[in-house]
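Report on the structure
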Amino acid sequence: MAAHGHAIPPARTGRFALPDWLPLALGFLAMLLPSLVGLFRGIWSTEEQAHGPIILALSLWLIYRKWPEMLAASSGAPSSRAGWPLLLVSLLLYVLGRSQQILSLEILALIGTGLALLLLKRGRPAARLLWFPFFFMLFMVPLPLPLVTTLTMPMKMAVSYVTEHLLFLAGYPIARTGVILQIGQYQLLVADACAGLQTLLTLEALGLFYLNLVRHTSPFRNIVLALLIVPISFTANVIRVMTLTLITYYFGDAAGQGFLHGFAGMVLFISALLLILAVDSLLQWIVRKRGGRTPAAGVAP
């Protein structure tokens with residue numbers, strides 16, 4: 001005899017089931033949000049590390065831009081086992097960095113955790129497509145202070161030297177003692193924020209972001225532009241210091257150290273971007289000229 005009763009629809013149980021990625025997302029947010037609050041209230045509010053929020057915003061935009069392509073490429077891809085050791089190491093680094101207030105380890109751990117979760121949920125195809133945004137986030141990691149101090153002084157000396165000679169050739173009454181510039185009756189100390197290692201790294205990040213965005217098909221254009229990012233960054237630093245020096249010379253020390261000092265920071269990034277665009281345009285002209293030497297196929301003379 002057949003038993004009478006009502007079968008439980010299988011769809012009903014699935015309707016109320018939570019997505020399997022939700023606990024991971026909530027756990028990651030529990031790690032991320034306190035760290036972000038601390039960064040915005042701490043080093044990201046200083047001039048030396050003010051590029052941190054910009055790097056984070058650009059990285060998230062790059063991920064958003066590639067997200068549909070990543071979902072399509074990683075559909076049905078198996079989970080990568082490499083995600084588990086990366087996740088374990090990242091969590092240990094996070095605990096160590098958070099408990100001992102080592103910001104470098106804390107930020108590095110958050111980047112590693114995000115990449116590990118991507119490997120576990122979407123596999124290697126997703127990581128291959130989104131590798132650059134995670135690499136780009138590494139520019140948020142503060143470098144060790146001894147390394148910054150060691151490398152910053154030679155850079156400040158070089159920027160001060162070039163600034164002095166350029167303004168002297170332009171006819172300004174300027175002299176230099178180490179990293180102290182004397183112009184007229186004013187003395188200016190070239191600070192770490194004006195010509196230091198962190199500023200150079202920020203400009204390097206800007207150049208790499210531009211390279212990733214334009215994605216030239218010419219290997220020559222990509223390689224040469226990547227190599228020229230370093231001198232472009234140095235030149236932008238010189239332009240910033242020269243701008244501050246001239247502001248002080250014409251408008252006084254208060255103007256140089258006040259609002260216009262922040263304006264000189266904008267000059268730094270604008271000049272770096274314009275230099276990158278100018279060099280890229282020159283490389284484009286060179287590539288076209290080299291390509292124009294070869295007659296186009298199928299074109300009648």
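Here the structure is a predicted model, which means the values were calculated and not measured.

Broken down by element type, the protein chain carries 12 helices and three strands. Expressed as a percentage of the 301 residues in the protein chain, the buried residues total 38%. For the protein chain, the share of sequence-separated contacts (at least 6 apart) that also reach a separation of at least 24 residues comes to 74%. With an accessible surface of roughly 17800 Å², the protein chain has 71% of that area assigned to carbon and sulfur atoms.

As a further point, take the confidence of the model for the protein chain. Across the protein chain, pLDDT averages 83, with 86% of residues at or above 70. Helix 1 (residues 10–15) is the least confidently modelled element of the protein chain, averaging 44 in pLDDT, while helix 6 (residues 131–137) averages 95, the highest of any element. Throughout residues 5–17 the model reports pLDDT below 50, and contacts reaching past four residues in sequence, or to other chains, amount to zero contacts. Here residues 294–301 scores under 50 on pLDDT; set against residues more than four positions off or in separate chains, the count is zero contacts.

Attention now moves to the packing of aromatic side chains. Per the stated rule, a full pass over the model turns up 12 aromatic pairs. Here the aromatic rings of Phe136 and Phe209 are separated by 5.8 Å at their centres, their planes lie at 35°, and the arrangement is tilted. One end of the pair, Phe136, is in helix 6; the other, Phe209, is in helix 9 (residues 197–214), and 73 residues separate them in sequence. Here Phe136 matches Phe209 in class, with each residue buried. Aromatic ring contacts, followed pair by pair, group Trp61, Trp131, Phe132, Phe135, Phe136, Phe139 and Phe209 into a single cluster. Here Arg290 stacks its cationic end above the ring of Phe220, 4.9 Å away from the centre of that ring.

Turning our eyes to something else, we now look at the nonpolar core. By size, the foremost hydrophobic cluster in this structure holds 22 residues, and its most contacted members are Ile111, Phe136 and Met140. Ranked by residue count, the leading element in this core is helix 3 (residues 52–73), at five residues. In contact with Met140, not counting residues within four places along its chain, are Trp44, Gln49, Gly52, Ile55, Leu56, Ile107 and Ile111.

With that settled, consider unusual backbone geometry. The phi torsion at Gln101 lies on the positive side, around 60°, for a residue other than glycine. Its location among the elements puts Gln101 in the loop between helix 4 (83–100) and helix 5 (103–129).

Procedures and definitions
Residues numbered from 1 in each chain as written. Predicted model: local features only at pLDDT ≥ 70, side-chain atom pairs only at ≥ 80, totals over all residues. Heavy atoms only, no water. Helix = DSSP H or I, 4+ residues; strand = E, 2+ residues; numbered from the N terminus. Buried < 20%, exposed > 50% of the residue type's maximum accessible area, 1.4 Å probe, protein only. Contact = heavy atoms within 4.5 Å. Areas by Shrake-Rupley, 256 points an atom, 1.4 Å probe, with all protein chains shown as cover. pLDDT = per-residue confidence, 0-100. Phe/Tyr/Trp six-rings, centres within 6.5 Å; stacked < 30°, edge-to-face > 60°. Lys NZ or Arg CZ within 6 Å of the ring centre and 35° of its normal. Core = buried A, V, L, I, M, F, W, Y, C linked by side-chain atoms within 4.5 Å.

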